[in-house]
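# Descriptive analysis of the structure
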Amino acid sequence: MRLEEQNKIDYLVVCVNEFAEKYLLNYKDAFNYLQKFNAIEFLDNNYEIEHTLSIEDAIIDITHIARKNGGYLV
């Protein structure tokens, strides 16, 4: 696996973990929620920009994307 791919995976894992912590979810439920409402796809497609922002900004962005696509978490 290339370093760039590993960095992207690591970033996605951190974002999912932080999202889970913020919304008091376990990691699996957080991942499934973010996958269902297209936030994982958003992070993957926008990694080049998102990883330059703070993790807090990324969590705000994926929360917004999930809500926009039918998500229900505040």
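Above this text is the structure in question.
All values derive from a computational prediction rather than experimental measurement.

We now examine a nonpolar patch on the surface. On the surface, Met1, Ile9, Val13, Tyr27 and Phe31 cluster together to form a nonpolar patch covering roughly 460 Å² of accessible area. Looking at the nonpolar patch, the elements that each hand over two or more residues are helix 1 (3-22) and helix 2 (27-36). Within the element layout of this structure, Tyr27 appears in helix 2.

Of note, the phi angle at Leu24 is positive, near 55°, even though the residue is not glycine. Note on placement: Leu24 falls in the loop between helix 1 and helix 2.

What counts and what doesn't
- Residues numbered from 1 in each chain as written.
- Predicted model: local features only at pLDDT ≥ 70, side-chain atom pairs only at ≥ 80, totals over all residues.
- Heavy atoms only, no water.
- Patch = residues over 30% accessible without salt bridge, like charges linked within 9 Å, V, L, I, M, F, W, Y side chains within 5 Å.
- Areas by Shrake-Rupley, 256 points an atom, 1.4 Å probe, with all protein chains shown as cover.
- Salt bridge = Lys/Arg side-chain N within 4 Å of Asp/Glu carboxyl O.
- Helix = DSSP H or I, 4+ residues; strand = E, 2+ residues; numbered from the N terminus.

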